[in-house]
Amino acid sequence: MNQLNAYKSSSKLQWLFVLWVCLISVNPFVFSNAIEYFPNKLVFVSSIVLMLMLLVMKGRIILGDKVIITILLVQTVFSPVYALVHMDINYINIASHAIVFLLVYIFIINFISMEKVAVSFIAIFMVMGLMSIVVVLLSIYGLQPISSFQNPDGRMSYNYILTFSNAVFDYSDFSLVRPAGFFDEPGKLALYLVYILVINKLLNWSKKAEWVLIISGLFTLSLAFFISLVFYFLFFYMNKRSFPALLLVISVIAGSGVYINKMKGDSSVAYAIYKHTIWRIELSESEDKLVKGDGRSKLALEA
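Quick caveat, the model's predicted, so the values are computed rather than measured.

Quick notes on helix H8 (residues 207–219)
Taking 1.5 Å of rise per residue, the 13 residues of H8 would be expected to cover 18 Å, and the 19 Å separating its terminal C-alpha atoms lies within 8% of that figure. For H8, every residue scored as buried is listed here: Ala-209, Glu-210, Val-212, Leu-213, Ile-214, Ser-216 and Gly-217. Each element contacted by the buried residues of H8 is listed here: helix H6 (114–140), helix H7 (186–203) and helix H9 (223–237).

Okay, structure coming up:
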């Protein structure tokens, strides 16, 4: 029995590996931009074909949640219709994406399990977050990127091996890096960290993982992450049992803010942190944004 369980566990690990190979070969990961000659299309197609072959060989297939299956099937069927009505090929792309999502979902249900996939996301993002923190700290002491590359949106990004970043700020005696993980910008890493935080909390998987994810998100210096974190604490910790811990966190953050604001004139590091945190939430004199760090409202209005 123990040997059977060990075999099943190792099998799920190898299928998890196949899944993650598939995921990192496409957006939102940008390995194909960062690594020259990375065969992302070949890797993606090969992993999808492998999943399909495994499902065909399995025979009896479990479809999983009927609501998810129905949504993906409806999208697959009606997208080509919209393509004909609107004469827009992008709807065909939507249909193809829905088919791929459907295949990957069924593969997960039959060979891995949603819970194990969720736990793998938590673990991967913990590692990504820790590596990002290492780069931020080392960059203060002179760490330089090994290469640069162009993001899908045309902006330049820098490869620090442990993380990418398109937001590197050079000061007189150090550099401040806002880590993006293996995505195209720090805000995207911060967004996914919020999602993973919620998943970790709903699964009640690990308290240590929660704090690693939170600290990693803080290092992105993302204004959206700071705001999301406030709502996260209010939603999950606004109760009598958790109130002392919540009060401690608020006190530490507030104390750090006061110290940084006080030291910004004496320390270039403190000024850099102030410029990318406290300064961004100060009220703006501009009419098109409420706070100085709001870089989204104008883009949304112009979209």
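Re the packing of aromatic side chains
The full count for this structure, using the stated rule, is 25 aromatic pairs. With 6.1 Å between their ring centres and 15° between their planes, Phe-29 and Phe-31 make a pair best called stacked. Taken as a pair, Phe-29 and Phe-31 share a single burial class, namely buried. Judged by centre distance (6.0 Å) and plane angle (20°), the ring pair of Phe-125 and Phe-183 falls under stacked. Highlighted residues: Phe-125 in helix H6 and Phe-183 in the loop between strand E5 (175–177) and H7, separated in sequence by 58 residues. You can call Phe-183 buried: its relative accessible area is 1%. By way of ring pairs, the aromatic residues Trp-20, Phe-29, Phe-31, Phe-121, Phe-125, Phe-149, Phe-164, Phe-182, Phe-183, Tyr-192 and Tyr-195 are connected into one cluster. We note Lys-264 situated over the ring of Tyr-274; from NZ or CZ to the ring centre the distance is 4.9 Å.

Some details on the pattern of salt bridges
Under the criterion given, the structure shown has five salt bridges. The closest approach of N and O atoms between Glu-185 and Arg-155, which form a salt bridge, is 3.2 Å. Of the two residues, Glu-185 sits in the loop between E5 and H7 while Arg-155 sits in the loop between strand E1 (147–150) and strand E2 (156–159), which places them 30 residues apart along the sequence. On the basis of relative accessibility, which here comes to 39%, the residue Arg-155 falls in the partly exposed class. Between Glu-210 and Lys-201 there is a salt bridge whose closest N-O contact spans 3.9 Å. Assessed through its relative accessible area of 1%, Glu-210 is described here as buried. Residue Lys-201 is classed as partly exposed on the basis of its relative accessible area of 22%. Three or more residues joined by partner-sharing salt bridges are found here, namely Asp-153, Arg-155 and Glu-185.

About the thresholds
- Residues numbered from 1 in each chain as written.
- Predicted model: local features only at pLDDT ≥ 70, side-chain atom pairs only at ≥ 80, totals over all residues.
- Heavy atoms only, no water.
- Helix = DSSP H or I, 4+ residues; strand = E, 2+ residues; numbered from the N terminus.
- Expected span 1.5 Å × (residues − 1).
- Buried < 20%, exposed > 50% of the residue type's maximum accessible area, 1.4 Å probe, protein only.
- Contact = heavy atoms within 4.5 Å.
- Phe/Tyr/Trp six-rings, centres within 6.5 Å; stacked < 30°, edge-to-face > 60°.
- Lys NZ or Arg CZ within 6 Å of the ring centre and 35° of its normal.
- Salt bridge = Lys/Arg side-chain N within 4 Å of Asp/Glu carboxyl O.

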